[in-house]
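# Per-entry structural report
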Amino acid sequence: RLGAVEALLAAGANPKAIDGDGQGALFGPAMHGHTRVVARLLEAGAPVDQRNTNGATPALAAAGGGFVETLEVLAAHGADLTATTHEGVGLLGAAAEENHIGVVAWLFLSWAVLRALRDIDEICELPADEGGRGRNAACFEILARVALRAGQVERGRQLIAAAEGAHHEDIADE
């Protein structure tokens, strides 16, 4: 399948094209767990959150199909893990309806990671010691790695900068 996609792209196929149901090039491969095809189409510029006429996204299709690896690739490219169809069905509902426990577990873990990244400043603040230090460089470094692994590249870069700043504060206070 990947070879066919490569040939189509080489022949000038538009990875941003949509069909009459509003489904982009990612929808079918995501629904069937063709992770390498999804990754290639994303590299070629396919929109990660293209909605079809029912409001479903490739991530919703992957969740409903039970494909964790495909969801990981989509998430790494910025897929909206909170997307819902027009009827209000989200990724968790799509996965649970089909008894895809692996996807359900992955979603809970992903949401916990995203919440931790959102609340990072609170998590990595330490009570100021006598020297006035209040930030924990190691905490920022660990969560930067988590952010990068979760596909949150910009947030990962911000956390790396925060870790470097906290490290410099620690050295200056010594």
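As the structure is a computational prediction, the values presented were derived from the model and not from experiment.

### Brief notes about the overall build of the chain
For the chain, the helix and strand inventory stands at 10 helices and zero strands. Each helix and strand of the chain, ordered N terminal to C terminal, gives the series α-α-α-α-α-α-α-α-α-α. Counting every position in the chain, which comprises 174 residues, the buried fraction comes to 36%. Of the contacts made within the chain by residues no fewer than 6 positions apart, 62% connect residues no fewer than 24 positions apart. Accessible surface, the chain: about 9600 Å² in total, of which carbon and sulfur atoms supply 54%.

### Side note on the pattern of salt bridges
Counted by the stated rule, this structure contains one salt bridge. Here Glu6 and Arg40 are joined by a salt bridge, their closest N and O atoms 3.0 Å apart. Here the residue Glu6 occupies a position in helix α1 (residues 2-10), and Arg40 occupies one in helix α3 (residues 35-43), the gap between them amounting to 34 residues. What makes Arg40 partly exposed here is its relative accessible area of 22%.

### Remarks on the nonpolar core
Counting 31 residues, the largest nonpolar core has Leu26, Val38, Leu42, Leu71, Leu74 and Leu91 as the members making the most contacts within it. Broken down by secondary-structure element, the contributors of at least two residues to this core are α1, α2 (27-31), α3, α4 (58-65), α5 (68-76), α6 (91-97) and α7 (101-118). One finds Phe140, Ala144, Leu159 and Ala162 within the second-largest nonpolar core, a separate group that totals seven residues.

### Regarding unusual backbone geometry
Not every positive phi belongs to a glycine, and Asn99 is a case in point at roughly 60 degrees. As for its placement among the helices and strands, Asn99 is situated in the loop between α6 and α7.

### A closer look at the layout of surface pockets
Roughly 180 Å³ of volume is contained in the second largest pocket. Every residue along the wall of the second largest pocket is listed here: Ala56, Leu60, Ala61, Gly64, Gly65, Thr85, Glu87, Val89, Ala94, Glu97 and Glu98. Taken together, the elements giving at least two residues each to the lining of the second largest pocket come down to α4 and α6. If you tally residues by element for the lining of the second largest pocket, the top one is α4, at four residues.

### Observations concerning the confidence of the model for the chain
When pLDDT is averaged along the chain, the result is 81; 76% of the residues meet or exceed 70. Counting interchain partners and residues more than four positions distant, the pLDDT-below-50 stretch residues 128-134 has 12 contacts. When the criterion is pLDDT under 50, residues 170-174 qualifies, and its contacts beyond four places in sequence or with other chains add up to seven contacts.

### Concerning a nonpolar patch on the surface
On the surface, a cluster of nonpolar side chains totalling about 210 Å² of accessible area is made up of Leu148, Val153 and Ile160. With respect to the secondary-structure elements, Val153 resides in helix α10 (residues 153-173).

### As for the environment of Ala95
By the secondary structure assignment, Ala95 is in helix α6. Sequence separation between Ala95 and Gly66 is 29 residues; the distance between their C-alpha atoms is 6.3 Å. Residues within four places of Ala95 in sequence aside, it is in contact with Ala63, Gly64, His100, Val103 and Val104.

### Here we look at the packing of α3 against α5
For the pair α3 and α5, interaxial distance at closest approach is 9 Å and the crossing angle is 10 degrees. Our classification of the angle between α3 and α5 gives roughly parallel. When you trace α3 past α5, the crossing you get is right-handed. Contacts from Thr35, Val38, Ala39 and Leu42 of α3 reach α5 at Glu69, Thr70, Val73 and Leu74. Counted by class, the contact of α3 with α5 contains five nonpolar, two polar and one charged residues.

The rules behind these values
- Residues numbered from 1 in each chain as written.
- Predicted model: local features only at pLDDT ≥ 70, side-chain atom pairs only at ≥ 80, totals over all residues.
- Heavy atoms only, no water.
- Helix = DSSP H or I, 4+ residues; strand = E, 2+ residues; numbered from the N terminus.
- Buried < 20%, exposed > 50% of the residue type's maximum accessible area, 1.4 Å probe, protein only.
- Contact = heavy atoms within 4.5 Å.
- Areas by Shrake-Rupley, 256 points an atom, 1.4 Å probe, with all protein chains shown as cover.
- Salt bridge = Lys/Arg side-chain N within 4 Å of Asp/Glu carboxyl O.
- Core = buried A, V, L, I, M, F, W, Y, C linked by side-chain atoms within 4.5 Å.
- 1 Å grid on protein atoms, 1.4 Å probe; cavity = no way out; pocket = protein on both sides within 12 Å on 5 of 7 lines; lining within 4 Å.
- Points joined across faces, edges and corners; volume = space filled by probe spheres on them.
- pLDDT = per-residue confidence, 0-100.
- Patch = residues over 30% accessible without salt bridge, like charges linked within 9 Å, V, L, I, M, F, W, Y side chains within 5 Å.
- Axes fitted to C-alpha atoms, helices over the stretch in contact; angles between N-to-C directions.
- Parallel < 35°, antiparallel > 145°, perpendicular 65-115°, else oblique.
- Left-handed = near helix turned anticlockwise from the far one by under 90°.
- Nonpolar A, V, L, I, M, F, W, Y, C, P; charged D, E, K, R; others polar.

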